[in-house]
Amino acid sequence: MKLYIIGAGPGDPDLITVKGLKLLQEADVVLYADSLVNEELINKSKPTAEVMKTAGMHLDEMVDIMVDRIQAGLKVVRVHTGDPAVYGAIMEQMTLLKKAGIEVEIVPGVSSVFAAAAAAQAELTIPDLTQTVILTRAEGRTPVPEFEKLRDLASHHSTIALFLSATLTKKVMKEFIDAGWNKDTPVIVVYKASWPDEQIVRTTVEHLDDDMRNNGIRKQAMILAGWALDEKIHDKNYRSKLYDQSFTHGFRRGVKP
Ligand SMILES: C[S@@+](CC[C@H](N)C(=O)[O-])C[C@H]1O[C@@H](n2cnc3c(N)ncnc32)[C@H](O)[C@@H]1O
């Protein structure tokens, strides 16, 4: 007896994995987070499938339905936006499913952080500039643990990807500046990455809040910040070792320049 948790990807129905799509098409029962998963994707399920939106359900209600259908011998999939491992609230579902004796298989998906980077045509890890990406959120109604305050994380000066923070941009700016970030540090906001109404706003730490407001973006946005997002990155001659002709590695012998 098994529940399949599937990453739907960021919105574009073609961005689900082949494995995820196959399971969705085979499922007798489909539960999905209707606020963020594209209906076009859900419409690829069997015409006979029982399809349920979960945005209005609470945890126990949702898990009871899953357990009931799985125990009745049906194939049940739970479709999550992006990749289920990031802000997917899957752990609490798995805890209850485990108690009910139900196994879980997770099929990963394309997270919005990577769809946003693709939309912005950005590499988040630039050799000699930053080799780290921090995935986090600003603190709002949901607190963040003491050692994960944005100001402390920003003190590493790495690339930072902010989920769930579109209404907290004033706070984000303050935390970055308090961490010593230059006001000109590039920020890219991607609203609804990979959807037909995707919007990309290039801004800076100083203008983040104004530019979000002027573009009417207050939800479904990924905020990518740091010098890896610099529009002028192509003029700066950062190079990886991977393709450096003088660098020897397992697949190629380096030559003296
Ligand atoms: C509950 S979290 C889910 C994240 C999801 N598991 C993922 O991997 O992308 C929802 C947040 O993800 C981001 N998000 C989800 N889909 C997005 C998209 N298509 N474009 C931009 N941001 C998105 C937004 O920051 C949104 O507030």
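Along each chain, residues carry numbers from 1 onward, in the same order as the chain's sequence is written. Residue-level local features of this predicted model are given only where pLDDT is at least 70; pairs of side-chain atoms are given and counted only at 80 or more, and the full residue set underlies all totals for whole chains, interfaces and linings. By convention in this description, side-chain values take in all heavy atoms of the structure and omit both hydrogens and water.

Student: Talk me through the overall build of the chain; I want residue IDs and the actual numbers.
Tutor: Of the regular secondary structure elements, the chain holds eight helices and 10 strands. Accessibility here uses a 1.4 Å probe with only protein chains present; expressed as a share of the type maximum, an area under 20% marks a residue as buried, one over 50% as exposed, and anything in between as partly exposed. Across the 257 residues of the chain, 44% fall into the buried class. For the chain, the proportion of contacts with a sequence separation of at least 24, taken over those separated by at least 6, is 65%. In these tables, accessible area is a Shrake-Rupley quantity obtained with a 1.4 Å probe, and a residue counts as shielded only by the protein chains included in the view. Accessible surface for the chain amounts to roughly 14,100 Å². Of this, 52% is attributable to carbon and sulfur atoms. For the charge count, each Lys or Arg is scored as positive and each Asp or Glu as negative, with His and the chain ends excluded. A single reference atom marks each charge: NZ on Lys, CZ on Arg, CG on Asp, CD on Glu. The average position of the 31 basic charges and that of the 35 acidic charges among the side chains of the chain differ by 3 Å. Strands are runs of DSSP state E lasting at least 2 residues, helices are runs of H or I lasting at least 4, and numbering of each runs from the N terminus. Residue contacts are defined here by distance: any two heavy atoms, one from each residue, within 4.5 Å place the two residues in contact.

Student: Provide a residue-level description of the sheet that holds strand β7 (residues 159-163), including the pertinent values.
Tutor: Read from one edge to the other, the open sheet built from five strands follows the order β6-β7-β10-β8-β9, with strand pairing classed as mixed. Across the chains shown, the open sheet's two edge strands, defined by having one partner strand only, are β6 (133-137) and β9 (199-204). Across the sheet, the mean angle separating the axes of adjacent strands is 20° when strand polarity is ignored. One requirement defines pairing of two strands: DSSP has to find at least two bridges between them. The pairing of β6 with β7 spans five bridges and is parallel. Across the sheet, Val133 pairs through a bridge with Thr159, a residue of β7. Axis definition: a line fit to C-alpha positions, over the contact stretch in the case of helices; interaxial angles, taken between N-to-C directions, run 0 to 180 degrees.

Student: Now, about the site of the ligand: what can you tell me, with residues and values included?
Tutor: With respect to spatial proximity, 18 residues lie near the ligand, and among them Val86, Ser111, Ser112, Ala193 and Ala221 are the closest. If the ligand stood free it would expose 560 Å²; the protein chains cover 92% of that surface. When the residues that make up the shell around the ligand are grouped by side-chain class, the tally is 11 nonpolar, five polar and two charged. Here the shell around the ligand spans two domains, and each of domain 1 (2-110) and domain 2 (113-234) adds at least three residues to it. Nearness is defined per residue: one heavy atom within 4 Å of the molecule or strand is enough. Any residue outside Ala, Val, Leu, Ile, Met, Phe, Trp, Tyr, Cys, Pro, Asp, Glu, Lys and Arg is labelled polar, Gly included; the first ten of those are nonpolar and the last four are charged. Residue ranges for the domains originate in an automatic or database domain assignment.

Student: Please give an account of the environment of Ser240 that cites residues and values.
Tutor: Structurally, Ser240 can be placed in the segment after β10 (221-225). Between the C-alpha atom of Ser240 and that of Tyr4, which follows or precedes it by 236 residues, the distance is 39 Å.

Student: Give a description of the nonpolar core that names residues and reports values.
Tutor: Only buried residues count toward a nonpolar core, which is a set of Ala, Val, Leu, Ile, Met, Phe, Trp, Tyr and Cys residues joined through side-chain atoms within 4.5 Å. Judged by nonpolar contacts, the single largest core of 25 residues is most densely connected at Ile160, Phe176, Trp181 and Val189. At the level of elements, α6 (150-154), β7, α7 (169-178), β8 (186-191), α8 (208-214) and β10 are the ones that each hand at least two residues to this core. In this view, Val189 contacts Gln199, Ile200, Val201, Leu208, Met212, Ile217, Ala221, Met222 and Ile223; residues no more than four positions away in its chain are not counted. Of all hydrophobic cores here, the second largest spans 17 residues; its members include Ile16, Ala27, Val30 and Val79.

Student: Give a detailed account of the domain arrangement of the chain, specifying residues and quantitative values.
Tutor: As far as domains go, the chain holds domain 1 (2-110) and domain 2 (113-234). Computed over C-alpha atoms, the centres of domain 1 and domain 2 are 29 Å apart. Each partner contributes residues to the interface: domain 1 has 11 residues there, and domain 2 has 10 residues. Across the domain 1 to domain 2 interface the summed buried area is about 770 Å²; carbon plus sulfur atoms make up 71%. Once two parts are put together, the accessible area they lose, assessed with a 1.4 Å probe and summed over both, is termed the buried area. It is Pro10, Leu36 and Tyr87 that lose the most area in domain 1 upon contact with domain 2, and together they represent 55% of the buried surface on that side. We count a salt bridge whenever a side-chain nitrogen from Lys or Arg sits within 4 Å of a carboxyl oxygen from Asp or Glu. On the surface where domain 1 and domain 2 come into contact, there are zero salt bridges. Definition of a polar contact: a pair of N or O atoms within 3.5 Å, with one able to donate and the other able to accept a hydrogen when the atoms are protein atoms, and with sequence-neighbouring residues admitted only if both atoms are side-chain atoms. Here domain 1 is connected to domain 2 by three residue pairs in polar contact (both at pLDDT 80 or more). The residue makeup of the side of domain 1 that touches domain 2, split by class, is seven nonpolar, three polar and one charged.

Student: Outline the side chain of Asn38, listing residues and values.
Tutor: Relative to the elements of secondary structure, Asn38 occurs in the loop between β2 (29-32) and α2 (39-42). Among the polar contacts listed, one links the side chain of Asn38 to the backbone nitrogen of Glu40, at a separation of 3.0 Å. Ignoring any residue separated from it by four or fewer positions in sequence, one finds Asn38 in contact with Gly11, Pro13 and Trp195.

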